[in-house]
Amino acid sequence: MSDPAQTATDESVPPAPHTGLTAPEVAERVARGEVNDVPVRSSRSTTEIVRANVFTRFNAIIGVLFLIILVVGPIQDGLFGFVIVANTAIGIIQELRAKKTLDSLAVIGEAKPTVRRDGTPVAVATAEIVLGDLIELGPGDKCVVDGEVLEADGLEIDESLLTGEADPVLKRPGDKVMSGSFVVAGGGAFTATKVGREAYAAQLAEEASRFTLVHSELRTGISQILKYVTWMMIPTAVGLIISQLVVERDDWREAVRRMVAGIVPMVPEGLVLLTSVAFAIGVIRLGRKQCLVQELPAIEGLARVDTVCLDKTGTLTEGGMDVTELRILPDTGADEAYVRQVLGALGDSDPRPNASLQAIIDAYPDGSGWRCTESLPFSSARKYSGAALNSPDAESSNWLLGAPDVLLPAGDGALTAVEELNAQGMRVLLLARAERELDDPRVTEAVRPTALVVLEQRLRSDAADTLRYFAEQNVSAKVISGDNAVSVGAVAAKLGLPGADAPVDARRLPAERDGMADVLDRGAVFGRVTPQQKRDMVAALQSRGRTVAMTGDGVNDVLALKDADIGVSMGSGSEATRAVAQIVLLNNSFATLPSVVAEGRRVIGNITRVATLFLTKTVYSVLLAILVVCTRVPYPFLPRHLTLLSTLTIGVPAFFLALAPNKERAKPHFVRRVMRYSVPAGVIAGLATFAAYLLARHHYAGSGALDAETSAATLTLFLISMWVLAIIARPYTWWRVVLVGAMGLGFLVVLGTPWLQRFFALKLVGTTMPWAAVGIAAVAAVVLEGAWRWVGRRFPA
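Residues numbered from 1 in each chain as written. Predicted model: local features only at pLDDT ≥ 70, side-chain atom pairs only at ≥ 80, totals over all residues. Heavy atoms only, no water.

Engineer: Can you walk me through helix H28 (residues 768–794) in this structure?
Structural biologist: Because the α-helix completes a turn every 3.6 residues, residues three or four places apart line up on one side. Spanning 27 residues, H28 covers 38 Å between terminal C-alpha atoms, matching the ideal 39 Å at 1.5 Å per step. Of the residues making up H28, those classed as buried are Met-769, Pro-770, Ala-773, Ala-777, Ala-780, Ala-781, Leu-784, Glu-785, Ala-787 and Val-791. Looking at the buried residues of H28, the elements they touch are helix H24 (670–699) and helix H25 (705–728). (Helix = DSSP H or I, 4+ residues; strand = E, 2+ residues; numbered from the N terminus. Expected span 1.5 Å × (residues − 1). Buried < 20%, exposed > 50% of the residue type's maximum accessible area, 1.4 Å probe, protein only. Contact = heavy atoms within 4.5 Å.)

What follows is the structure, encoded as structure tokens:
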């Protein structure tokens, strides 16, 4: 029979903390393969990159045509094959560079869970967790494997990303936790019961950080265009093959060469390449600025953004705070030294303090002698935390620390002083004594306010310039915070945000989506916003056709980050926010956002620009082939002619234009905007070129007539294509003028150099027909200008 006194002594001693696995146990599990070996990666593998760039539909078409030319010769007509090889190599190299950048950034930004081994907490990589590991949890931590709770101190876990259940779940020892969920309040530890691919949400982390080139309007639009091209190309190519074999029945090799020449330019193969290259270079450029793009289309998405929702803390202000004043409330009879000790004890009660509590700990480190018997962790939904304390003289008391306007009833005299401080941009917390137990749902009722803790927030030095940039770019900025609305408005006003003088308390927001959207359209600053409200506000903005980016670093931002069109997380933010965000600012600098926006606009604007060049070529190639089939004449070009034209009027200039600066905000309907000019431009070019070709057929006669006719048609098409390039290159800068001029000079060099004339089978015969070709091209240029202006008025972008 046990001694009662001994039993009482045993019960008064807190249980020893669990020590976790020992080093030999970890080694044994690693040897058995019980490791969390899910291959989380930030980019495609090298094999996937090579396969994606080499094994394409159009490379297959070009490859077959290249082999045909190798059989019938000469090699000059197979130049297009070497161009494809070079382009594909460029695409692979650029994407491998992007992969290297992404992989290195992912290592920097990778969260390392805290695991208790041999009784000591150590940070390990996610892939190093083994079955049975004891993993510690705190606010903002993501559960990286499945497990069972072993220790819990007010542990609240949000499982909404997995189950759709919005309310956090209070976890107790023995409860299950699922990978992919995250901690919103409290702390604890759990034992890993499923690791690797067996975990419930093992694919979440992999998908969240995988490099992808799909699911973007840009790439979807290009795929749609290529589908149309394929439909046009197949019947046209069949008709061209038959007609050329009939026309050139005496010389089947010539028939094959001209048939290949008609098919090759229909393929806009460089368009896909340039899109990949532009995205890849965008990743590299942003990587140099410590910006991790976890999903590649995020570059494109942020360029389309017209509304940015900003969380104040960590975005407009730095994470740290400073206590500037401790104001004892009148008629409380409290002693300031006593209040300081209570605040110090409250700080000691939370093993993972937030920024506000850390400032209090730094200011009042004199809580020794006090003992915490129960704690209520801070929750962004509650807006307060609490602790049951025993003083050195054995007095028991319950204390709450949180938002004054949440803990105090409306009209309380203390709120007047709070509003004055909030209007100065200060953050104010109320210390109040609670009459009820901490686990009582009505604990905030009848509290006794004791003191106000005044905190000063540190403004980010770059925040004002960034807000100014968004205003100049017609991007609406909405500051959404859980803090007091007046305080948030004062901070935003210091940074020069338009509309900051009329902050809105989110507790008065309409619940229905339309009503909320109306208020959001008018307002710019919103305070006392709950995590669920942040999510609702994003949805309300999206219901009005807005493209919304959400920035944040706290666990209360996770749901809104996930639902926004683009989620942007700070590198120092919680693991949960980094997991769901598409873009992570590893340098924690809000000032990096303009660079991301500018990069996205550059990519989309320039791809739209060069896509018009590629599609113009496809349209005139299809039209020429149809006209040749209908008129039963030899195709006007050899493959080498169109390789030369494509290189000078599309390939080289498109590469430079795709990488040029472009600040214009991305617009929707990519396919419509590209086709609205490329179709009329291609039709004009095709008709004018064929007219010059028919005129040359009537003008020339004799043994060398076909070469002379081809040269005249080539000159016409080159001049028209150059005019299309000159239109697309607008507005002109010095380098654009040099680029267009250099391409024209390149063609003149070919015409003026004897061996290049022979190599490309180009020789202008006489003066009448060459000048006629120039005249036809000039008329076509005038028509192109008219079409450009008409399209701009009739089909505005």
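Structure shown, so let's carry the discussion forward.
Engineer: For this particular structure, what's the right way to read unusual backbone geometry?
Structural biologist: Excluding glycine, residues mostly have negative phi values, and the peptide bonds linking residues are mostly trans. A cis amide bond, omega 0 degrees, links Arg-730 with the succeeding residue Pro-731. Position of Pro-731 among the secondary structure elements: in the loop between H25 and helix H26 (734–752). Of note, Ala-761 is a non-glycine position whose phi angle comes to about 50 degrees, a positive value. In this structure, Ala-761 sits in the loop between helix H27 (754–760) and H28. The partly exposed category is assigned to Ala-761, whose relative accessible area is 21%.

Engineer: Sorry if this is basic, but what is going on with the sheet that holds strand S9 (residues 307–310) here?
Structural biologist: Hydrogen bonds between backbone atoms are what pair the strands of a sheet, whose relative direction is either parallel or antiparallel. Taken together, the eight strands give an open sheet; going across it, the order is S8-S21-S20-S19-S9-S16-S18-S17, and neighbouring strands pair in mixed fashion. Strands at the two margins of the open sheet, each flanked by one partner only, are strand S8 (291–293) and strand S17 (504–505). (Pairing = 2+ DSSP bridges.)

Engineer: Please clarify how empty space enclosed by the protein should be interpreted in this entry.
Structural biologist: The rolling of a water-molecule-sized probe over the atoms marks out the regions of remaining empty space. Across all of its chains, the model carries one cavity of 30 Å³ or more by this definition. Taken as a whole, the largest cavity holds about 60 Å³ of empty space. For the largest cavity, the full set of lining residues is Leu-613, Thr-616, Lys-617, Tyr-620, Thr-649, Ile-650, Ser-721 and Val-724. Elements supplying a minimum of two residues to the lining of the largest cavity: helix H22 (593–631), helix H23 (639–658) and H25. (1 Å grid on protein atoms, 1.4 Å probe; cavity = no way out; pocket = protein on both sides within 12 Å on 5 of 7 lines; lining within 4 Å. Points joined across faces, edges and corners; volume = space filled by probe spheres on them.)

Engineer: Can you walk me through the pairing of strand S19 (residues 548–552) in this structure?
Structural biologist: Burial analysis of S19 places five of its five residues in the buried class, the great majority of the element. Going residue by residue along S19, you find Val-548, Met-550 and Gly-552 tucked away on one face and Ala-549 and Thr-551 tucked away on the opposite face as well. In terms of strand pairing, S9 meets S19 through four bridges, oriented parallel. Across the sheet, the residue bridging to Leu-310 is Thr-551, located in S19.

Engineer: What is the right way to look at the packing of aromatic side chains in this model?
Structural biologist: Aromatic ring pairs are described here by two measures, namely the spacing of the ring centres and the angle between the planes. Per the counting criterion, the structure on display carries 10 aromatic pairs. Between Tyr-228 and Trp-231 the ring centres are 6.0 Å apart and the planes differ by 50 degrees, which places this aromatic pair in the tilted class. With a gap of three residues between them, Tyr-228 and Trp-231 both fall in helix H8 (residues 217–247), about one helical turn apart. Given the relative accessible area of 33%, Tyr-228 is considered partly exposed. Assessed through its relative accessible area of 55%, Trp-231 is described here as exposed. Taking 5.1 Å as the distance between ring centres and 80 degrees as the angle between the ring planes, the aromatic pair formed by Phe-759 and Phe-760 counts as edge-to-face. With a relative accessible area of 10%, Phe-760 lands in the buried category. (Phe/Tyr/Trp six-rings, centres within 6.5 Å; stacked < 30°, edge-to-face > 60°.)

Nothing here speaks to function; it is all geometry.
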